Amino acid sequence: MNDQHPICKSVERMLHQEIRTPKDFTFLRDQIYARTRVILSDTTLKRVWGYVNYDHAPSLRTLNTLAQFLGFQDYKQFSEQSPDEAPSDIVISNYIDVDEDLTEGDELTLYWLPDRECHLRYLGNNRFIVTASANTRLREGDTFSCHFIIEGEPLYLSQLHQGDRPAVNYVCGKQGGVRFEYPSPTLPKGE
């Protein structure tokens, strides 16, 4: 790999993981979109991280987006901070890193506005199955992929399979984010 831009280490520190594989870049792209509502392509991120050869500096738009992802107003504000200084609003206090925190068979419940509820079982390999739901388009038996669940942020599901329909991507909690309970509360009998 080529040299990384200095902002890369700050992003990796915030996520508590190195960005090294194509899967990591896809994960990062999704996290950036969830927090900033700006889409940076996997290819753009690979260039910034030096994963692919590219002889140009990242665009100011890209650097501003990464700085905003870290909680700064823009790249100028980021570059004026000391390397270990960051705004307090980037602290993520309640989250699930699916790879690290869940074991196959674990169950959790998601809630989002206005009155959505979805019970899940972890299948392993970042895959979940819906075991019960209320007031949502997600139904029992649906499966999807997810890498990170952050309380208060929208949840982006990829490869949502619903019966014989083609896989789609889906967003839970666009307004107000999701809340989760882990381990999941027990469902009442008959639900």
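Provided above is the structure to which this section pertains.
Computed from a predicted model, the values in this text were never measured in an experiment. Sequence order sets the numbering: in each chain, residues are counted from 1 along the sequence as written. This being a predicted model, a pLDDT of at least 70 is required before a residue's local features are given, and a value of 80 or more before pairs of side-chain atoms are given or counted; all residues contribute to the totals for chains, interfaces and linings. With hydrogens and water stripped out, all remaining heavy atoms of the structure feed into the side-chain values.

Draft legend 1. Local environment of helix α4 (residues 60-69). Burial classes: relative accessible area under 20% of the type maximum marks a residue as buried, over 50% as exposed, and values in between as partly exposed (1.4 Å probe, protein chains only). Per the convention used, a helix needs a DSSP run of H or I reaching at least four residues, while a strand needs a run of E reaching at least two, with both numbered from the N terminus. Among the ten residues of α4, seven are classified as buried, and the element is accordingly described as predominantly covered. Taken residue by residue, α4 has T62, L63, N64, T65, L66, A67 and F69 as its buried positions. In what follows, residue pairs with any heavy atoms lying within 4.5 Å of each other are defined as contacts. As for α4, its buried residues are in contact with α1 (7-15), α2 (22-36), α3 (42-48) and α5 (75-80). Two residues or fewer after α4 comes G71, characterised by a positive phi angle close to 105°.

Draft legend 2. How the structure looks around unusual backbone geometry. P114 follows L113 through a cis peptide bond whose omega is 0°. Take P114: it is sitting in the loop between β2 (107-112) and β3 (116-124). Notably, N126 is not glycine yet its phi reads approximately 65°, a positive angle. Tracing the backbone through its elements, the reader meets N126 in the loop between β3 and β4 (127-134). In this structure, Q159 takes a positive phi of about 55° despite not being glycine.

Draft legend 3. The arrangement of the pairing of strand β7 (residues 155-161) in detail. Strand pairing follows a simple DSSP-based rule, namely that at least 2 bridges must link the two strands. Relative to β7, strand β5 (residues 143-145) runs antiparallel, the two being bridged by two bridges. Note on β7: the bridge partner recorded for S145 is S158. Taken together, the four bridges between β7 and strand β8 (residues 168-172) define a ladder with antiparallel strand orientation. When the sheet's bridge partners are listed, L155 is paired in β8 with C172. The hairpin formed by β7 and β8 contains six residues between the paired strands, and G163 there has a positive phi angle of roughly 60°.

Draft legend 4. Quick peek at the nonpolar core. In this description, a nonpolar core means a group of buried Ala, Val, Leu, Ile, Met, Phe, Trp, Tyr and Cys residues linked to one another through side-chain atoms lying within 4.5 Å. Grouped together as the largest cluster of nonpolar side chains are 24 residues, with contacts concentrated most on I7, V11, L28, L45, W49 and L66. Looking at this core, the elements that each hand over two or more residues are α1, α2, α3, α4, α5 and β6 (148-150). At five residues, α1 tops the list of elements feeding residues into this core. With near-sequence residues (within four places) excluded, L66 lies in contact with I7, V11, I32, L40, L45, V48 and W49. Core analysis: the second largest hydrophobic core is formed by 22 residues, L110, L160, C172 and V178 among them.

Draft legend 5. The arrangement of the sheet that holds β4 in detail. With respect to topology, seven strands assemble into an open sheet ordered β8-β7-β5-β4-β3-β2-β9, the strand pairing being antiparallel. Bordering the open sheet on either side are β8 and β9 (178-181), each of which pairs with just one other strand. Strand-to-strand twist of the sheet, defined as the mean angle between neighbouring strand axes without regard to direction, takes the value 35°. As paired elements, β2 and β9 share four bridges and run antiparallel to each other. When the sheet's bridge partners are listed, L110 is paired in β9 with F180. Where helices are involved, their axes are fitted lines through C-alpha atoms of the stretch in contact, as for all axes, and angles between N-to-C directions lie from 0 to 180°.

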